[in-house]
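Coordinate inspection notes
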Amino acid sequence: MEEILEKVLNTIKKYELIRRREKILLAVSGGIDSMTMLYILHKLRNILEIEIGVATFDHGIRRESAEEIKIVEEFSKKLNVPFFYGKGNALELHLETKQNLEDVARSQRFNFLREVKDKNGFSKIGLAHNKNDFVETFLMHLFKGSGLSGLTSMLNKDGDLIRPLIEVKREEIETYARNENIPYVVDLTNYNLSYERNRLRYQIIPLIMSSYKNFVDHIFNVSDIMFYDNNILEKINKIELKGIKKSENEYSIALFKALHLSIKRRILKKLLEENANFERINMVIEFLNSNKKRMNIGKDLYISKTKDSFYFERAFPFTIDKSYILEVPGETLIPEAGLKIITEIVDIDKGLDGFNLNDKNIAIFDFSALKFPIFVRFRKEGDTIEIENGKKKLQDLFVDLKIRRDIRYKIPIVVDNDDKILWVCGLRRSTRARIEKDTKKALCLRAVLIKENL
């Protein structure tokens, strides 16, 4: 078998890119890399036991695109490979929205590729990035401060994206294409030095290679080591993240502090998602070692902590301007709180054995002492609840019960027709309409979660 074919096979096996009997959609532009990828995967299709298809997208930027697409279509037909074509208006959209042209073009292209993939039963999309492309991307990410995941991203299966030529050098592709008479087109924009990648390709990397001839191989080898190290660390990270999690979006400070700095940073990167950067992650670590209780770490983003836990929160409203009439008897859905309240009218003579009076999600009232209709709303300024020793501000109740500020606004409040609080759902029942010796009928309320919002 030809050396380049063996290399691609080894890459597919090494990074587990393709399984048997998969359908792979190849993104082919007409350039030498993608046309060679098509030719190689076509040659390997029986060994891999796969089906392939070709998808080509005209971004609507260059006049030459139509002619180039014909070359791709003709080559696909020659190989008897299904061909799919799409066209966009990236330049027009770029001028209208002022968005980056490359970003607009890429977005339209991948929307088309995934549409073809999903409609035609393909499982993955093959991209023709080679080893030189990888090194260019590695340097771009390095210069922008990426971590291991960013530096090795092109080695991994990126969702449904795979790169079977990632261990093949550009020179090898060029030689193979010439020897096999693979048709291809040359995109002159690849030589435009206004693009960051082209400056790296034609100016910076050649300068580096003038002193370090094996630079491309060395960078790739180091990246390969980093890739597997990163995979192990990610597995450890998942275990440790699960270990420090106390509840939804709440994490143990003590267990977090006991972790290695490397794992701390990874956990915070995972929790912060698109808000993660080196400075912000270090800021959070310093905060957790400080006496501060809350800190703004980004636009509308805060980190808060209690005695034992920390959590992230967005800027949140004081309340939700919504109310519901409670169905009696029946069920009332409170979607903003992620729960429903079930009500029953019970004869006291028959007993309350079916109700656990210690359950914080159940509240029972003297039916005859209630003023109907009963409503469910959310907190208001100045809210008070009647308790054994008089009245208590709802705000003070939340503080005493250590209820996080970011969830207070969505806790349902059950009130009577005079807007007097009967029950702060799941937290505290008022002393209004208590069950007495002469009570004959009781109204039983039960709060049932439909999702973990509280």
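Let us look at the structure shown here. Note that the coordinates shown come from a computational prediction; the quantities given were computed from them, not determined experimentally.

Remarks on the overall build of the protein
Looking only at helices and strands, one finds 15 helices and 21 strands in the protein. Relative to the compact-globule value of 22 Å for 454 residues, the protein shows a C-alpha radius of gyration of 31 Å, a clear excess of over 25%. The principal-axis extent of the C-alpha atoms belonging to the protein is close to 100 × 50 × 45 Å. Residue burial in the protein is summarised as follows: out of 454 residues, 44% are buried. Counting only carbon and sulfur atoms, one obtains 49% of the accessible surface of the protein, whose full area is about 25200 Å².

What about a nonpolar patch on the surface?
Side chains of Tyr-184, Val-186, Leu-188, Tyr-191, Leu-193 and Tyr-202 sit close together on the surface and give an oily, nonpolar patch of about 610 Å² of accessible area. The class of Tyr-202 is partly exposed, set by a relative accessible area of 35%.

Let's talk about the packing of aromatic side chains
In this structure the tally under the stated criterion is 14 aromatic pairs. Seen from their ring centres, Tyr-15 and Phe-227 are 5.3 Å apart, and the 80° between their planes marks the pair as edge-to-face. On the criterion of sequence distance, the pair formed by Tyr-15 in the loop between helix H1 (3–14) and strand S1 (23–27) and Phe-227 in helix H10 (residues 215–244) is long-range, its members being 212 residues apart. Here the aromatic rings of Phe-134 and Phe-138 are separated by 6.3 Å at their centres, their planes lie at 40°, and the arrangement is tilted. Residue Phe-134 and its partner Phe-138 are both found in helix H6 (residues 131–143); the two are separated by four residues, about one turn of the helix. Like Phe-134, the residue Phe-138 is buried in the burial classification.

Observations concerning the sheet that holds strand S8 (residues 294–298)
Strand order in the open sheet formed by five strands is S6-S7-S10-S9-S8, and the pairing between neighbours is antiparallel. Unpaired on one side and paired on the other, strand S6 (245–247) and S8 mark the two borders of the sheet. Direction aside, neighbouring strands of the sheet carry axes that sit 30° apart on average. Bridge analysis of strand S7 (residues 250–252) against strand S10 (residues 309–314) gives two bridges, and the strand direction is antiparallel. In the strand pairing of S10, Tyr-251 is matched with Phe-310. Running over the sheet, H10 touches S6 and S7 and is turned about 40° from S6. On top of the sheet, helix H13 (residues 278–288) reaches S8, strand S9 (301–305) and S10; it is set at about 175° to S8, its chief contact.

Regarding the pattern of salt bridges
Going through the model one piece at a time under the given rule, you end up with 36 salt bridges. Linking Lys-43 and Glu-2 is a salt bridge whose minimum nitrogen-to-oxygen distance equals 3.2 Å. In this pair, Lys-43 sits in helix H2 (residues 32–48) while Glu-2 sits in the segment before H1, placing the two residues 41 residues apart along the sequence. Residue Glu-2 is classed as partly exposed on the basis of its relative accessible area of 29%. The salt bridge involving Asp-419 is made with Lys-380; its shortest N-O contact spans 3.3 Å.

Digging into the pairing of strand S12 (residues 330–334)
In this structure, S12 lies alongside strand S13 (residues 339–347), joined through five bridges in antiparallel fashion. For Glu-331, the partnering residue across the bridge sits in S13 and is Ile-342. The hairpin formed by S12 and S13 contains four residues between the paired strands, and Gly-338 there has a positive phi angle of roughly 70°.

Description of the nonpolar core
The biggest cluster of nonpolar side chains holds 52 residues, and the ones touching the most others in it are Leu-38, Ile-40 and Leu-41. Sort the elements by how many residues they give to this core and H2 lands first, with nine residues. Contacts of Ile-40, omitting those with residues within four sequence positions, involve Ile-4, Leu-5, Val-8, Leu-165 and Tyr-176.

Side note on the sheet that holds S12
In space, the four strands of this open sheet follow the order S12-S13-S21-S14, with antiparallel pairing throughout. Both edges of this open sheet fall to S12 and strand S14 (362–366), since each of them pairs with a single strand only. With strand direction ignored, the average angle separating the axes of adjacent strands in the sheet is 20°. Pairing of S14 with strand S21 (residues 441–449) involves five bridges; the strand directions are antiparallel.

Some words on the side chain of Ser-304
In this structure, Ser-304 sits in strand S9. On the basis of relative accessibility, which here comes to 2%, the residue Ser-304 falls in the buried class. Within the local environment of Ser-304, its side chain forms a polar contact with the side chain of Glu-313, the two groups lying 3.0 Å apart. With sequence-adjacent residues up to four places away left out, Ser-304 is seen in contact with Phe-287, Lys-293, Arg-294, Ser-309, Phe-310, Tyr-311, Glu-313 and Arg-405.

The rules behind these values
Residues numbered from 1 in each chain as written. Predicted model: local features only at pLDDT ≥ 70, side-chain atom pairs only at ≥ 80, totals over all residues. Heavy atoms only, no water. Helix = DSSP H or I, 4+ residues; strand = E, 2+ residues; numbered from the N terminus. Rg over C-alpha atoms; globule rule 2.2 N^0.38 Å. Buried < 20%, exposed > 50% of the residue type's maximum accessible area, 1.4 Å probe, protein only. Areas by Shrake-Rupley, 256 points an atom, 1.4 Å probe, with all protein chains shown as cover. Patch = residues over 30% accessible without salt bridge, like charges linked within 9 Å, V, L, I, M, F, W, Y side chains within 5 Å. Salt bridge = Lys/Arg side-chain N within 4 Å of Asp/Glu carboxyl O. Phe/Tyr/Trp six-rings, centres within 6.5 Å; stacked < 30°, edge-to-face > 60°. Pairing = 2+ DSSP bridges. Axes fitted to C-alpha atoms, helices over the stretch in contact; angles between N-to-C directions. Contact = heavy atoms within 4.5 Å. Core = buried A, V, L, I, M, F, W, Y, C linked by side-chain atoms within 4.5 Å. Polar contact = N/O pair within 3.5 Å; in protein donor to acceptor, adjacent residues only side chain to side chain.

Geometric values such as these leave the question of function open.
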